[in-house]
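# Fold and geometry: a report
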Amino acid sequence: METNAGLSGGIYRLCEWIYRLAYINLLWILFTIAGGVVLGIFPATAAMFAVTRKWINGDDGHNIFKIFLQYYKRDFKESNVVGALLTVVGIFIFIDFQLIGSFGGVIKYVLLGSLATVTILYSLVILYIFPVLTQYKNSVYKHFKSALIIGITYPLRTITMFVSVVSVLFICAVIPAISFLYLGSGLSFVIMFFSHHLFHHIEKNIESPNK
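A few points on the structure. Just so it is clear, the structure is predicted and the values come from calculations on it, not from any experiment.

### Concerning the nonpolar core
Counting residues in hydrophobic clusters, the biggest one holds 32 residues, and the most contacted among them are L86, Y128, I129, I150 and V165. Taken together, the elements giving at least two residues each to this core come down to α2 (41-56), α4 (76-100), α5 (105-135), α6 (140-153), α7 (155-174) and α8 (176-207). Considering each element in turn, this core owes the most residues, nine residues, to α5. Counting residues in each nonpolar core, the second largest holds 17 residues, with W17, A47, I64 and Y71 among its members.

### Focus: a nonpolar patch on the surface
Together, L156, I159, F162, V163 and V166 make up a nonpolar patch on the protein surface, roughly 490 Å² of accessible area in all. For I159, the location among the structural elements is in helix α7.

### A look at the pattern of salt bridges
Applying the stated criterion to the full structure yields five salt bridges. The partner of R13 in a salt bridge is E16, and the shortest N-O contact between them spans 2.9 Å. Here R13 and its partner E16 are both found in helix α1 (residues 2-34), three residues apart, which amounts to about one turn of the helix. Note that E78 and K137 form a salt bridge whose closest N and O atoms lie 3.9 Å from each other. Of this pair, E78 sits in helix α4 while K137 is found in the loop between α5 and α6, placing the two residues 59 residues apart along the sequence. We classify K137 as exposed; its relative accessible area is 55%.

### What to know about the packing of aromatic side chains
Under the definition given, this model contains 11 aromatic pairs. For the pair F49 and F130, a centre-to-centre distance of 5.7 Å together with 20° between the ring planes defines the contact as stacked. Of the two residues, F49 is situated in helix α2 and F130 in helix α5; the sequence distance between them amounts to 81 residues. Each member of the pair, F49 as well as F130, is classed as buried. Taking NZ or CZ as reference, R20 lies 5.4 Å from the ring centre of W17, over its face. Taking the ring centre of W55 as reference, the NZ or CZ of R20 above it sits at 5.2 Å.

### Quick look at the state of the cysteines
Each disulfide consists of a covalent bond between the sulfur atoms of two cysteine residues. Within this structure, the stated rule accounts for zero disulfides. A disulfide-free cysteine, C15 has its sulfur positioned 19 Å from the sulfur of C172, the nearest such atom. C172 gets classed as buried once you look at its relative accessible area, which sits at 6%.

### Some words on the side chain of T134
Assignment of secondary structure puts T134 in helix α5. Judged by its relative accessible area of 8%, T134 falls in the buried class. A distance of 3.0 Å separates a polar atom in the side chain of T134 from the backbone oxygen of P131.

Cut-offs used in this document
- Residues numbered from 1 in each chain as written.
- Predicted model: local features only at pLDDT ≥ 70, side-chain atom pairs only at ≥ 80, totals over all residues.
- Heavy atoms only, no water.
- Core = buried A, V, L, I, M, F, W, Y, C linked by side-chain atoms within 4.5 Å.
- Buried < 20%, exposed > 50% of the residue type's maximum accessible area, 1.4 Å probe, protein only.
- Helix = DSSP H or I, 4+ residues; strand = E, 2+ residues; numbered from the N terminus.
- Patch = residues over 30% accessible without salt bridge, like charges linked within 9 Å, V, L, I, M, F, W, Y side chains within 5 Å.
- Areas by Shrake-Rupley, 256 points an atom, 1.4 Å probe, with all protein chains shown as cover.
- Salt bridge = Lys/Arg side-chain N within 4 Å of Asp/Glu carboxyl O.
- Phe/Tyr/Trp six-rings, centres within 6.5 Å; stacked < 30°, edge-to-face > 60°.
- Lys NZ or Arg CZ within 6 Å of the ring centre and 35° of its normal.
- Disulfide = S-S within 2.5 Å.
- Polar contact = N/O pair within 3.5 Å; in protein donor to acceptor, adjacent residues only side chain to side chain.

Encoded structure:
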């Protein structure tokens, strides 16, 4: 009897998560459009990460729309500043890759190696910037600095997160219909799940020397 109850409870929780992730993904799309896409995608992404963080922390919350809207408004300006900086740097990296093609000889490989390093660091920031933004209240500069430092300091955890992100993208590419319901929310859950445990690990290590 207890086994059946445990199994039923597990199935219920699974269905609940499937519903939640689908709902928050739709909110992400709607609020992105509501912000004119350009001004909406980053606040919507920040709100999605914030809500996902609450769920992982055990705070289910009953009014998902209200909570999402609250974070969307709260982080609208800051997330757009973060998004603008990410976009500008991304464009420069793309342009630099195009320009390197015009070089030849050793200089080409030197520049390519340098740009590859910058691209890796940029990718680390992308992975951690929204979890950091929703976890800590700091300046935009400190958000970027923290995201970069965390990504460099914990390479194995970062690689595991990256592989999980690629897996989600692969599944969505193989089954495109899933993307509409789970692309954004699936990525936010995976990234926030790993980030949450990593943040807890970092905070525990900081507190330990003081005990």
